[in-house]
Amino acid sequence: MHTVELTCDPTLEAAVRGLWQRLSEGGVPSLAHNTHPSHRPHLTMASFGTMPAGAPALLNELLAAALPLPVRLTGLVSYSARSRRRVLSWAVVPTVELMVLHREVWRILSGAGEPNPFYLPGRWSPHVGLTRRVEPAELATAHEIVGRLPDVSGLFDAARSYDSESRTLLTLGVPEFDGVGLRVAERGE
């Protein structure tokens, strides 16, 4: 699996991590304790099986021109997780700029193998993840903990692509792009 993700500026990242911690302290399985070395708050724009030839350089150019991108997080949304369990997320306001960028990412990825249909234009609902898969009672507890969530504004200030097979993280949107990813240690390595 490959992804294209936008990461949060320090202010936005602190707000998301703070919410992860509040949920965790309230007994909800949040993303606060994900031990993967590259784990941080992000917006997934695309998820797919194989990267088309030449796509990393084109994505880098596109994202270098688009970032930083203003963003506003507003309200909670939940998604099914292949069972009765749910995933709770913080909704991202779908601005014109964000939606155009998303469409352009997928234009570059038009030859990608095994695209995840939930991330395709017309089906994508931009969000930043807050919990792991939770049972309905845990979802209700999460809503009680969070209460009325205020809007938070910030920036998506960087981009990356993760390749789960090679376990590499490729930084995108940078002027000195060399197309070489960094190996990211997995748990137990």
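Details of the structure are given in the entry above.
Please read all numbers here as calculations on a predicted model, not as lab measurements.

Caption draft 1: Structural view of the environment of Val146. Secondary-structure assignment places Val146 in helix α4 (residues 136-146). We classify Val146 as buried; its relative accessible area is 6%. Each C-alpha atom, one on Val146 and one on Pro68, is 28 Å from the other, the two residues being 78 residues apart in sequence.

Caption draft 2: Local environment of helix α2 (residues 55-66). Here α2 contains 12 residues, and its C-alpha end-to-end distance of 16 Å stays within 8% of the 16 Å for a straight helix at 1.5 Å per residue. Those residues of α2 not exposed but buried are Ala55, Leu59, Asn60 and Leu63. Each buried residue of α2 sits inside an arc of 130° when the element is viewed along its axis, so together they form one side. Exposed residues lying more than 90 degrees from the buried face of α2 are Glu61 and Ala65. Those residues of α2 that are buried lie in contact with β1 (2-8), α3 (96-108), β6 (152-163) and β7 (168-172).

Caption draft 3: How the structure looks around the nonpolar core. Grouped together as the largest cluster of nonpolar side chains are 45 residues, with contacts concentrated most on Val4, Leu6, Leu109 and Phe156. With residues up to four places along the chain from it excluded, the contact list for Leu109 reads Val4, Ala46, Phe48, Met51, Pro52, Ala55 and Leu59.

Caption draft 4: How the structure looks around the packing of α2 against α3. Packing of α2 against α3 brings their axes to within 9 Å, and their N-to-C directions diverge by 165°. If you check the angle between α2 and α3, you find them roughly antiparallel. Seen along the crossing, α2 lies across α3 with a hand that is right-handed. The segment α2 lies against α3, with Ala55, Leu58, Leu59, Leu62, Leu63 and Ala66 engaging Leu101, Glu104, Val105 and Ile108. Residue composition of the contact of α2 with α3, by class: 9 nonpolar, no polar and 1 charged.

About the thresholds
- Residues numbered from 1 in each chain as written.
- Predicted model: local features only at pLDDT ≥ 70, side-chain atom pairs only at ≥ 80, totals over all residues.
- Heavy atoms only, no water.
- Helix = DSSP H or I, 4+ residues; strand = E, 2+ residues; numbered from the N terminus.
- Buried < 20%, exposed > 50% of the residue type's maximum accessible area, 1.4 Å probe, protein only.
- Expected span 1.5 Å × (residues − 1).
- Arc of directions from axis to C-beta.
- Contact = heavy atoms within 4.5 Å.
- Core = buried A, V, L, I, M, F, W, Y, C linked by side-chain atoms within 4.5 Å.
- Axes fitted to C-alpha atoms, helices over the stretch in contact; angles between N-to-C directions.
- Parallel < 35°, antiparallel > 145°, perpendicular 65-115°, else oblique.
- Left-handed = near helix turned anticlockwise from the far one by under 90°.
- Nonpolar A, V, L, I, M, F, W, Y, C, P; charged D, E, K, R; others polar.

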